[in-house]
Structures are given as C-alpha cells and as structure tokens.
Amino acid sequence: NSDDKADSLAILAGLYIKAGDKQTARQILAEALDIAKTIEKPLDKAGAVWRISEVGEVENLEEALIIARTIKPRASGYEDRSWAYRELAENFTRLGRNDRAKFVLDEAILYLSTQKYDDNEQKELDLSFIGQLYAQAGFCDEALRLSNGFKNRARIAEIKRESAVCFAGNDQPKSAFATASS
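Please read these numbers as outputs of a predicted model, since none were measured by experiment. (Residues numbered from 1 in each chain as written. Predicted model: local features only at pLDDT ≥ 70, side-chain atom pairs only at ≥ 80, totals over all residues. Heavy atoms only, no water.)

A few points about the environment of alanine 46
Checked against the element boundaries, alanine 46 lands in helix H3 (residues 42-55). Residues alanine 46 and threonine 70 lie 24 residues apart in sequence; the distance between their C-alpha atoms is 9.8 Å. Residue contacts for alanine 46: discarding those within four places in its chain leaves Ile71, Asp80, Trp83 and Ala84. (Helix = DSSP H or I, 4+ residues; strand = E, 2+ residues; numbered from the N terminus. Contact = heavy atoms within 4.5 Å.)

Below, the structure is given as structure tokens:
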C-alpha cells in the first residue's frame, strides 16, 4: 500500500536523522516523496505529507508542498489539503522559515475560500487552526484578523490567547496585554 510505505519511509528517515545519518535520511525521504506523489486518496496523501514534513528539511517541505497542492477535496467536507498545509506551515516554523510558513498559510486560506462547506462550523475550525499557526509563526495581526468573522467564542479565545503570546514574544507587551484583555 503506497500510503503505508510513504509513512513508513518517513518514519525510518526520522530514525536515521536521530542517529545522525542525514545522507541516508535524505535518500529515504526522496523515495517517500516519490511514493507520496502517486497516492490517490486525499486523506492518505495528506498523511504522507504530514509524516514527511515532520522529519524533512526545507527542500523536502518545498517538494511536499507541491504534492499537497494535488490533494483533491473529499465529498465529506473535511479538508485534507488544509490539514497538509497546516502541517507544512507548522514544520516550516520548526525549521525557522516563518516566511514560508506564512506563505503556506496564506495559500491555505486562499484555497479554503474556494471550497464549499456543508457545515460552516468545520470551515471555522479549519481557519482557527490556521490562525493559531499564524500566531505561532510570529504573525500576530494576521491571526487576529482571521478570527474577526468567527462565531464560536472558544475559537476566538484560542486565537486571542495565541496572539497575545505572539505579541509578547515579539516584544510588544502593550499589544499582548490589549489582546489578552479584550
């Protein structure tokens, strides 16, 4: 099964990275990426992108982003591509490439704006995850702007909390306090 093989290879690459053998890990990740390109099921392809992004370096994430763009929507309304974008953004942030994380999150929002949801609650949930990742990547204002149209108070509070931490981390204590107390 291709999805299982891509996942297994990504996990194996992670073990090689932990052991200090980055060269072997790169070769294994290249194979995992090749396999991920062939996966048809949206959830399985998103899962492979997730596994690869967890252990990959910037160039692997860039290739995984290209693969993520090929994930087709499912009829159920759950957005596997959005999940893949979120995982990639989180891992670009892990690698210190916050600019790339923002680019991926911007792309995710653009993509979600073109999708029809049977349940606006699910769309708001997808967007709230993106908002939290904006804040974690240091883009506090973007996170807050994204939450402006939300109806769910708990999701608004989550983004405000992440944004307050973001502002504090960006040495903006007044903005952090104003966000936390609003």
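Digging into the environment of asparagine 152
By the element assignment, asparagine 152 lies in the loop between helix H8 (140-147) and helix H9 (153-169). Within the structure, asparagine 152 has its side chain in polar contact with the side chain of glutamate 121 (distance 3.2 Å). Engagement of the side chain of asparagine 152 in a polar contact is seen with the backbone nitrogen of arginine 155, the distance being 3.0 Å. (Polar contact = N/O pair within 3.5 Å; in protein donor to acceptor, adjacent residues only side chain to side chain.)

Some thoughts on the packing of aromatic side chains
Using the criterion set out here, one finds two aromatic pairs in the structure. When the ring of tryptophan 50 is compared with that of tryptophan 83, the centres are 6.0 Å apart and the planes differ by 35°; the resulting orientation is tilted. Placement of the pair is tryptophan 50 in helix H3 and tryptophan 83 in helix H5 (residues 80-94), with a sequence separation of 33 residues. A relative accessible area of 23% means that tryptophan 50 is categorised as partly exposed. Taking relative accessible area as the criterion, tryptophan 83 reaches 16% and is therefore assigned buried. With 6.3 Å between their ring centres and 75° between their planes, tyrosine 85 and tyrosine 111 make a pair best called edge-to-face. Pair noted here: tyrosine 85 is in helix H5 and tyrosine 111 is in helix H6 (residues 98-113), with a separation of 26 residues, a long-range link. Each member of the pair, tyrosine 85 together with tyrosine 111, is buried. (Phe/Tyr/Trp six-rings, centres within 6.5 Å; stacked < 30°, edge-to-face > 60°. Buried < 20%, exposed > 50% of the residue type's maximum accessible area, 1.4 Å probe, protein only.)

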